[in-house]
Amino acid sequence: MKELLKRLCCTICWHSFFVGFELTGFDGASFHAKCKGCGYKGMIDSQGNLF
(Lines give C-alpha, C1' and ligand atoms only; values in the text may rest on other atoms or scores of the structure.)
Protein backbone atom coordinates (compact mmCIF):
# COMPACT_ATOMS: atom_id res chain seq x y z
CA MET A 1 0.00 0.00 0.00
CA LYS A 2 2.81 2.40 0.87
CA GLU A 3 4.53 1.79 -2.50
CA LEU A 4 1.29 2.61 -4.28
CA LEU A 5 1.04 5.91 -2.40
CA LYS A 6 4.65 6.75 -3.28
CA ARG A 7 4.01 6.12 -6.99
CA LEU A 8 0.82 8.13 -6.88
CA CYS A 9 2.57 11.08 -5.23
CA CYS A 10 5.32 11.08 -7.87
CA THR A 11 2.73 10.84 -10.64
CA ILE A 12 0.94 13.98 -9.44
CA CYS A 13 4.29 15.77 -8.78
CA TRP A 14 4.16 15.61 -4.96
CA HIS A 15 7.70 14.25 -4.80
CA SER A 16 8.46 15.50 -1.30
CA PHE A 17 5.20 14.35 0.36
CA PHE A 18 5.73 10.59 0.99
CA VAL A 19 8.87 9.79 -0.95
CA GLY A 20 11.37 12.47 0.04
CA PHE A 21 14.35 13.80 -1.86
CA GLU A 22 18.10 14.17 -1.56
CA LEU A 23 19.94 17.42 -2.14
CA THR A 24 22.23 17.39 -5.16
CA GLY A 25 23.59 20.92 -5.17
CA PHE A 26 23.33 24.63 -4.56
CA ASP A 27 24.00 27.19 -7.29
CA GLY A 28 24.22 30.23 -5.03
CA ALA A 29 20.51 31.03 -5.22
CA SER A 30 18.59 27.73 -5.34
CA PHE A 31 18.89 24.25 -3.89
CA HIS A 32 18.66 21.40 -6.39
CA ALA A 33 17.40 17.94 -5.45
CA LYS A 34 16.49 14.51 -6.80
CA CYS A 35 13.37 12.52 -5.85
CA LYS A 36 14.23 9.26 -4.09
CA GLY A 37 11.23 7.48 -5.62
CA CYS A 38 11.29 8.31 -9.33
CA GLY A 39 14.59 10.10 -9.91
CA TYR A 40 13.03 13.43 -10.94
CA LYS A 41 15.52 16.32 -10.71
CA GLY A 42 14.38 19.81 -9.85
CA MET A 43 14.66 22.72 -7.45
CA ILE A 44 13.41 23.19 -3.89
CA ASP A 45 10.93 26.04 -3.40
CA SER A 46 10.71 28.32 -0.36
CA GLN A 47 8.38 25.88 1.42
CA GLY A 48 10.63 22.86 0.99
CA ASN A 49 8.87 21.17 -1.92
CA LEU A 50 10.54 19.73 -5.00
CA PHE A 51 9.33 21.18 -8.30
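Residues numbered from 1 in each chain as written. Predicted model: local features only at pLDDT ≥ 70, side-chain atom pairs only at ≥ 80, totals over all residues. Heavy atoms only, no water.

(A) A nonpolar patch on the surface, seen in detail. Taken together, the side chains of Met1, Leu4, Leu5, Leu8, Ile12, Trp14, Phe17 and Phe18 make up a nonpolar region of the molecular surface, amounting to roughly 870 Å² of accessible area. Here Leu4 shows up in helix 1 (residues 2-11). (Patch = residues over 30% accessible without salt bridge, like charges linked within 9 Å, V, L, I, M, F, W, Y side chains within 5 Å. Areas by Shrake-Rupley, 256 points an atom, 1.4 Å probe, with all protein chains shown as cover. Salt bridge = Lys/Arg side-chain N within 4 Å of Asp/Glu carboxyl O. Helix = DSSP H or I, 4+ residues; strand = E, 2+ residues; numbered from the N terminus.)

(B) Layout of the nonpolar core. Counting six residues, the largest nonpolar core consists of Cys10, Val19, Ala33, Cys35, Ile44 and Leu50. Setting aside anything within four residues of it in sequence, one finds Leu50 in contact with Cys13, His15, Ser16, Phe21, Ala33, Lys34, Cys35, Tyr40, Gly42, Met43 and Ile44. (Core = buried A, V, L, I, M, F, W, Y, C linked by side-chain atoms within 4.5 Å. Buried < 20%, exposed > 50% of the residue type's maximum accessible area, 1.4 Å probe, protein only. Contact = heavy atoms within 4.5 Å.)

(C) Main features of the environment of Ser30. Here Ser30 lies in the loop between strand 1 (21-26) and strand 2 (31-35). In this structure the C-alpha to C-alpha distance between Ser30 and Phe51, which are 21 residues apart in sequence, comes to 12 Å. The residues contacting Ser30, other than those within four sequence positions of it, are Gly25 and Met43.

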